[in-house]
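The residues making up each chain are set out below.
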Amino acid sequence: MAEAEVLVEAWEDGASFHIKAHAGARRDAVGGCHDGMLRVETTTAPEKGKANKSIAKLLAKRLGVPASAVVLLSGETNSRKRFGVRGVTPDQIRAALQ
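Note that the structure is predicted; figures quoted are calculated from it, not measured.

Reading the values: the criteria
Residues numbered from 1 in each chain as written. Predicted model: local features only at pLDDT ≥ 70, side-chain atom pairs only at ≥ 80, totals over all residues. Heavy atoms only, no water. Buried < 20%, exposed > 50% of the residue type's maximum accessible area, 1.4 Å probe, protein only. Helix = DSSP H or I, 4+ residues; strand = E, 2+ residues; numbered from the N terminus. Arc of directions from axis to C-beta. Contact = heavy atoms within 4.5 Å. Salt bridge = Lys/Arg side-chain N within 4 Å of Asp/Glu carboxyl O.

A. Representation of helix H2 (residues 90-97) in the model. If you check which residues of H2 are buried, you get Pro90, Ile93 and Leu97. Along the axis of H2, the buried residues cluster in a sector spanning 60 degrees; they form a single face. Seen from the open side of H2, the exposed residues pointing more than 90 degrees away from its buried face are Asp91 and Ala95. Buried residues along H2 sit in contact with strand S1 (8-11), strand S2 (14-23), strand S4 (37-42), helix H1 (50-63) and strand S6 (80-86).

In structure tokens form, the structure reads like this:
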């Protein structure tokens, strides 16, 4: 997995990064890199924000933070999304992804 290539930036409340989401996938998974974005797959269908909530929970689990710390910043209806994680540094995110 090439997490070292995921671009993680400082954000006013913590750190942020972009993901490439695949809703309606065969499995739930976090890993891999696509053009500087973390790949995230969820079995949840992309309807009424359900997939975004599922992705946030998957990210929280992978990063070892409470689900309430993960915030969707942009890309609500797009497969390319930006998430923020409150109370962490970019280095902590990079370490959690390795």
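B. Summary view of the pattern of salt bridges. For the structure on display, the rule yields four salt bridges. Connected via shared salt-bridge partners are Arg27, Arg39 and Glu41.

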